[in-house]
There are 2 protein chains.
Amino acid sequence: MNWPGVIEAYRPYLPFDADAPVVTLNEGNTPLIHAPRLAEQIAPRGGLQLYLKYEGLNPTGSFKDRGMTAAISRAVQEGAETVICASTGNTAASAAAYAARAGLRCLVLVPQGKIALGKLAASLAYGAEVISIDGSFDDGLRMVREITERRADSRRPIALVNSVNPWRLEGQKTGAFEIVDQLGGQAPDWHCLPVGNAGNISAYWLGYKQYAKGLPRLLGGQAAGAAPIVLGRVVEKPETLATAIRIGNPARWRQAVEALDESGGIITAVSDEDILEAWRLLARVEGVFVEPASATGLAALRQQIALGEIDPAGRTAVVVLTGHGLKDPGTAVEQAAAPITLKAEIEALERYLRG
Amino acid sequence: MNWPGVIEAYRPYLPFDADAPVVTLNEGNTPLIHAPRLAEQIAPRGGLQLYLKYEGLNPTGSFKDRGMTAAISRAVQEGAETVICASTGNTAASAAAYAARAGLRCLVLVPQGKIALGKLAASLAYGAEVISIDGSFDDGLRMVREITERRADSRRPIALVNSVNPWRLEGQKTGAFEIVDQLGGQAPDWHCLPVGNAGNISAYWLGYKQYAKGLPRLLGGQAAGAAPIVLGRVVEKPETLATAIRIGNPARWRQAVEALDESGGIITAVSDEDILEAWRLLARVEGVFVEPASATGLAALRQQIALGEIDPAGRTAVVVLTGHGLKDPGTAVEQAAAPITLKAEIEALERYLRG
C-alpha cells in the first residue's frame, strides 16, 4: 500500500474528475501523535486526551502542501505554464515544489527581509524565481492578483496559487478527513490551530462538516500583535515572532468567523511569550519541533484551560502543528542555551557529568 | 487507522516483546514518490521505474528516527535515565527528540564548527545538552563509548545510542519493510543510498532478507573525499560538503561489504559536484528538497547508468533520500541564484515577466 497523496486518497470527497491530472508529492498521511505527558502539563490530572497533528511532516515541511497539490493540479488542467504567489514563506516553498514537480515556471513574491532563511532557501532550491519586493505581504498579494487578472484571457494564463485560490481549501480539507480517520471515525471535541490568513480554519471546518460523525468545536489562536479577528478590525502593522501568522487582514476572515460561530468555537489572542512557551513544551516534553507559529494552537488551548473556558475532563483535543521547526532554526538557536564546549578528553566529560 | 510508528507496525519482525515499552513519534510511513521525469533525465528512454523514498519526512527530518525509536525504547526498558551519542548532526537531533519524548536526559557530542545550523538548532530545541568538543567525530565516538562502559554496571547506566547500538539497526530495517509493502510485496531491482557510517546499508540488507520476495542489488554511494569502503582504507581527514556522510572509518564497514557482496551490489565514489547536480535535479525536476548527502544515492545511480554498469531497461530502482533539505539551508542559499529585487509596483512585475 503506497499512500498516493491526498487527492487520490480522498477523491470521492473532492471536486476532481476521475481523469483530472494530479500533481502530487504524496503529501498528507501525517502522524497524529498522542501526547499524554504534554496533556498532563497543560491540564494536570485533567483527563485530557491530547493529540498533535504534525503537519510539518508534509513534503515541504508545512500543511500548505495539502492545498498546493490541488491548486497546481488544477493549474495544469487549465493549461497554465506559470504560477505565482505572494507569501510569507510556507506557501512559496510549497508552490515552488509542486510547480517544479509539474514542470511549471514559478514566481514567488516575498516581503523584503521578513522571511526566515529555511523558507527562502527551499524556494530557491526548487528553482522558483524569488522576487523580493519593497512592500508588505498585502502589497505582494495585490500585485499577484492584478497580474493574474491581466493575463486571465491570454494564451498564457498565470495561475494564482495564494489561498484566495479556492482549490487550496479543497485540498486542505483533507487534514480534517485524516484526523477523523486516525481517531477511528470520530471528530475530536476540540480542534485547535493557529489563525493567520484564516484559510486553514475555514478548510478544516468544511472538511469536518463533510466527513465527520459529530463536529468539533474550533479553537483558533492568533498572535496578540496580529489578531485582527479577535480585535474585529484590520491590524495595519502586524507584529509577532510567529512569522507564518503575521497577517493583519486575513483573506478568509468572514469564513473563519462563520466556522467559529457554527462550531460554538473560540478565537483568542496569545502573547509571543505564550507562543514560545508552548513551542518549548512541544519540543522538550514530547520531542516535537515546530516553527513558532505552529505552537499557537497549543498556546491557545493552554490559555483557555487555565482560564476555565475549556474543561478538559474526558475531552479529546487535536492541536494542528502547521510547520516543522527546521523552517525557522534561528528561533531555536536564540531561545536555547548555548552549546557547552569541552576538551576532547574523557576526564573533561566525567567532570561535566558529575556537575 | 493511525500509523503507530515502526515498532508497533512491524513488531512481529522485530525483537521487541509484546509488553516492551515503546517510545515513538509515529516515525516511518514515509512517502515512496514515483519520479518519472527524473528517470527520463538520468536514463533517457531507458524504461527505468524510479522511486524516491523520502526519509526526510520522519519526525526529526531524517531516517535516523527509525533506529532511534528502537534504541530509546530499549534504553527505557533497561532503566537508563541518560542517553549519549556522538554525532555529525542527524543522530543528535533524533536522539534528542526521542529522549525528550521519553523524559530522559540527553547529551550529544558534536565536533566543533562542522555542523549545519538546522541540525544543531533542533538538538538545542529538544532540550539536549549539546557538547562541542575540540576534536573529530571519531574522537567523540571514542569518548561516548568509554563513558558508557565506565557506567555499565552502575545504578545509573548511560545508554549509548550511536549506530554501534545494535537496536538502531533493528529499527532501521523497517525502511526495507516499508519499501517492499509500498511496491506491493516486491523488492526493487536496485536499492540506492548514501554510505557514511554504513549502518543504513547494513540495516536495509537485513530488512530485505527478512521480509522481501526476491532481493535487490545494493548500490552504495560514497563522497569521493570520504570513500573508505571504495578505497579499501581508512580516510584520516574525510572531506565533502555532504556532511552527513563525512566519515573516514565506518562503524559498519565489514557488514556493509558483506551486504554488497551478497547482493551482487556496487559501491562507488561520486564527486561533490555530482552530488550537488543530483541534489539540484531532485529539487528542480521533482520538487524534492534534500540535504546534500541524501542525493548521493541518486548521484551513484546516475553515474552507473552513464557508465553502462547498470542497465535501466525495465528495472525498478529505489533511491533512499536520507534527510530533508531544511536540515542544511545554507547549501541551498549558496547554490541558488540570489532573489530578484523589485519595487512593489505592478509595472515592475510586468517588465520582469516580459524579460
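Being a predicted model, the structure only gives us computed values, none of them experimental. Each chain carries its own residue numbering, running from 1 in the written order of its sequence. Each chain takes a letter, starting from A, and each ligand takes a number, starting from 1, following the order in which they are written. Since the coordinates come from a predicted model, pLDDT governs what is reported: local features require at least 70, and pairs of side-chain atoms require 80 or more to be given and counted, while whole-chain, interface and lining totals use all residues. For the side-chain quantities, the full set of heavy atoms in the structure was used; hydrogens and water were omitted.

1. What about the overall build of chain A?
Then, in step 1: Across its full length, chain A holds 15 helices and 11 strands.
Then, in step 2: In this setup the radius of gyration rests on C-alpha atoms only. A globule is expected at 2.2 Å times the number of residues raised to 0.38. Taken against the 2.2 N^0.38 rule, which gives 20 Å for 355 residues, the C-alpha radius of gyration of chain A at 20 Å falls within 12% of a compact globule.
Then, in step 3: Referenced to the eigenvectors of the C-alpha coordinate spread, the extents of chain A come out at roughly 70 × 55 × 50 Å.
Then, in step 4: Across the 355 residues that make up chain A, the buried fraction comes to 65%.
Then, in step 5: Only heavy atoms enter the contact rule, under which two residues are in contact if any of them lie within 4.5 Å. Taking all contacts inside chain A whose residues are at least 6 apart in sequence as the whole, residues at least 24 apart take part in 72%.
Then, in step 6: Summed over its atoms, the accessible surface of chain A is roughly 12,300 Å², and 47% of this surface lies on carbon and sulfur atoms.
Then, in step 7: The charge count includes Lys and Arg as positive and Asp and Glu as negative, but it does not include His or the ends of the chains. Note on charges: their place is set at NZ of Lys, CZ of Arg, CG of Asp or CD of Glu. Side chains of chain A carry 35 positive and 38 negative charges; the gap between the two charge centres is 2 Å. In this description a helix means any DSSP run of H or I spanning at least four residues, a strand means any run of E spanning at least two, and both kinds are numbered starting from the N terminus. For every residue, the accessible area (1.4 Å probe, protein chains only) is compared with the maximum for its type, and the residue is labelled buried under 20%, exposed over 50%, or partly exposed between those bounds. Note on areas: Shrake-Rupley, 1.4 Å probe, and residue coverage restricted to the protein chains presented here.

2. Regarding the interface of chain B and chain A
Then, in step 1: Contacts between the two partners involve 82 residues from chain B and, on the opposite side, 82 residues from chain A.
Then, in step 2: Two parts placed together each lose some accessible area under a 1.4 Å probe, and adding up what both lose gives the buried area. Both sides together, the interface formed by chain B and chain A hides about 6,800 Å², and carbon and sulfur atoms give 60% of it.
Then, in step 3: When the buried area of chain B at its contact with chain A is split by residue, Arg 101, Leu 326 and Leu 353 of chain B rank highest and sum to 10% of it.
Then, in step 4: The term salt bridge refers to a pairing of a side-chain nitrogen on Lys or Arg with a carboxyl oxygen on Asp or Glu at a separation within 4 Å. Inspection of the region where chain B meets chain A yields 10 salt bridges.
Then, in step 5: Distance and chemistry together define a polar contact, namely a pair of N or O atoms within 3.5 Å, with one atom able to donate a hydrogen and the other to accept it when in protein, and with adjacent residues in sequence counting only for side-chain atoms on both sides. At the surface where chain B touches chain A, the tally comes to 37 residue pairs in polar contact (both at pLDDT 80 or more).
Then, in step 6: In terms of residue count, the dominant contributor to the side of chain B that touches chain A is helix α5 (residues 117–125) of chain B (seven residues).
Then, in step 7: Residue polarity follows a fixed list, in which Ala, Val, Leu, Ile, Met, Phe, Trp, Tyr, Cys and Pro are nonpolar, Asp, Glu, Lys and Arg are charged, and the others, Gly among them, are polar. In terms of residue class, the side of chain B that touches chain A is built from 47 nonpolar, 17 polar and 18 charged.
Then, in step 8: Across three bridges, strand β11 (residues 340–342) of chain A lies against strand β5 (residues 129–133) of chain B in parallel orientation. Note that in β5 of chain B the partner of Ile 340 of chain A across the bridge is Ile 131 of chain B. A pair of strands is considered paired only if DSSP assigns at least 2 bridges between the two.

3. Concerning the nonpolar core
Then, in step 1: We call a set of buried residues a nonpolar core when its members are Ala, Val, Leu, Ile, Met, Phe, Trp, Tyr or Cys and they connect through side-chain atoms within 4.5 Å of each other. Counting 147 residues, the largest nonpolar core has Leu 38, Leu 50 and Leu 301 of chain A together with Leu 38, Ile 42, Leu 50 and Leu 301 of chain B as the members making the most contacts within it.
Then, in step 2: Not counting the four nearest positions on each side in its chain, Leu 50 of chain B is found in contact with Ile 33, His 34, Ala 35, Leu 38, Ala 39, Ile 42, Leu 298, Leu 301, Ala 317 and Val 319 of chain B.
Then, in step 3: One finds Tyr 10, Trp 167, Phe 177 and Val 318 of chain B within the second-largest nonpolar core, a separate group that totals 33 residues.

4. Details of helix α8 (residues 174–182) of chain A
In an α-helix there are 3.6 residues to a turn, and that puts residues three or four apart on one side.
Residue and element names in this part refer to chain A.
Then, in step 1: Burial analysis of α8 places eight of its nine residues in the buried class, the great majority of the element.
Then, in step 2: Of the residues making up α8, those classed as buried are Thr 174, Gly 175, Ala 176, Phe 177, Glu 178, Ile 179, Val 180 and Gln 182.
Then, in step 3: In the stretch just after α8, Gly 184 is the one whose phi turns positive, near 80 degrees.

5. A word on the UniProt feature "modified residue: N6-(pyridoxal phosphate)lysine" (unreviewed entry) in chain A
All names here are of chain A.
Then, in step 1: Per the UniProt record, "modified residue: N6-(pyridoxal phosphate)lysine" (unreviewed entry) is found at Lys 64.
Then, in step 2: Within the secondary structure layout, Lys 64 lies in helix α3 (residues 64–77).
Then, in step 3: Taking relative accessible area as the criterion, Lys 64 reaches 16% and is therefore assigned buried. UniProt positions are given in the numbering used here, feature names are shortened, and annotations may be inferred rather than shown by experiment.

6. A look at the state of the cysteines
As used in these notes, a disulfide is a covalent bond between sulfur atoms, one from each of two cysteines.
All names here are of chain A.
Then, in step 1: Two cysteine sulfurs form a disulfide in these notes if their separation is within 2.5 Å. For the structure shown, the criterion picks out zero disulfides over all chains.
Then, in step 2: Cys 85 provides the cysteine sulfur closest to Cys 106, a residue in no disulfide bond, and the two sulfurs are 5.6 Å apart.
Then, in step 3: The exposure class of Cys 106 is buried, given its relative accessible area of 4%.

7. As for the relation of the copies chain B and chain A
Then, in step 1: When the copies are overlaid, the least-squares fit takes in C-alpha atoms only where the residue has pLDDT of at least 70 in both copies. Between chain B and chain A, the superposition needs a rotation of 180 degrees and an axial shift of 0.0 Å, giving an RMSD of 0.0 Å. As the rotation angle and translation indicate, the two copies are arranged about a two-fold axis. Proximity to the rotation axis, assessed at the C-alpha, singles out Leu 57 of chain B in chain B; its C-alpha lies 2.6 Å from the axis.

8. Some points on the packing of aromatic side chains
Then, in step 1: Here a Phe, Tyr or Trp ring, Trp counted by its six-membered ring, pairs with any other such ring whose centre lies within 6.5 Å, and the pair is stacked when the planes are under 30 degrees apart, edge-to-face when over 60, and tilted otherwise. What the rule picks out here adds up to 20 aromatic pairs over all chains.
Then, in step 2: For the ring pair Tyr 10 of chain A and Phe 177 of chain A, a centre distance of 5.2 Å and an interplane angle of 65 degrees mean the geometry is edge-to-face. Separated by 167 residues along the polypeptide, Tyr 10 of chain A in the loop between α1 (6–9) and β1 (32–34) and Phe 177 of chain A in helix α8 bring together distant segments of the chain.
Then, in step 3: Look at Tyr 10 of chain A and you get buried, because its relative accessible area is 6%.
Then, in step 4: Note on Tyr 126 of chain A and Phe 289 of chain B: the rings are 5.7 Å apart at their centroids and 65 degrees apart in plane angle, and the pair reads as edge-to-face. A residue pair is termed interchain when its members come from two chains, as with Tyr 126 of chain A in the loop between α5 (117–125) and β5 (129–133) and Phe 289 of chain B in the loop between α12 (272–286) and α13 (296–306). One exposure class covers both Tyr 126 of chain A and Phe 289 of chain B, and it is buried.

9. Things to note about α12 of chain B
Residue and element names in this part refer to chain B.
Then, in step 1: Along its 15 residues, α12 runs 21 Å from first to last C-alpha, staying within 8% of the 21 Å computed at 1.5 Å per residue.
Then, in step 2: Restricting attention to buried positions, one finds in α12 the residues Asp 272, Ile 275, Leu 276, Ala 278, Trp 279, Leu 281, Leu 282, Ala 283, Val 285 and Glu 286.
Then, in step 3: Immediately downstream of α12, the backbone of Gly 287 shows phi near 70 degrees, a positive value. Under the convention used throughout, the expected extent of a helix is 1.5 Å for every residue step, that is, one less than its residue count.

10. Quick look at the packing of helix α9 (residues 199–211) of chain B against helix α11 (residues 253–263) of chain B
Residue and element names in this part refer to chain B.
Then, in step 1: The axes used here are C-alpha line fits, helices contributing only the stretch in contact, and every angle between their N-to-C directions lies in the interval 0 to 180 degrees. The geometry of α9 relative to α11 is characterised by a closest axis approach of 8 Å and an angle of 45 degrees between their N-to-C directions. When the axes of α9 and α11 are compared, the pair comes out oblique. The two elements α9 and α11 meet at a crossing, and its hand is left-handed. On α11, the residues touching Ile 201, Ser 202, Trp 205, Leu 206 and Lys 209 of α9 are Gln 255, Ala 256, Ala 259, Leu 260, Glu 262 and Ser 263.
Then, in step 2: Along the lines of polarity and charge, the residues of the contact of α9 with α11 split into six nonpolar, three polar and two charged. With respect to orientation, any angle under 35 degrees is reported as roughly parallel, any angle over 145 as roughly antiparallel, any angle of 65 to 115 as roughly perpendicular, and every other angle as oblique. Here is the rule for handedness: rotate from the far helix to the near one, and if that takes an anticlockwise turn smaller than a right angle the crossing is left-handed, while a clockwise turn gives right-handed.

11. Regarding the environment of Val 6 of chain B
Residue and element names in this part refer to chain B.
Then, in step 1: Summarising the element assignment, Val 6 is placed in helix α1 (residues 6–9).
Then, in step 2: The class of Val 6 is buried, set by a relative accessible area of 0%.
Then, in step 3: Along the sequence, Val 6 and Gln 172 sit 166 residues apart, while their C-alpha atoms lie 9.0 Å from each other.
Then, in step 4: Among residues more than four places away in sequence, those in contact with Val 6 are Leu 14, Glu 27, Gly 28, Arg 66, Thr 69, Gly 171, Thr 174 and Glu 178.

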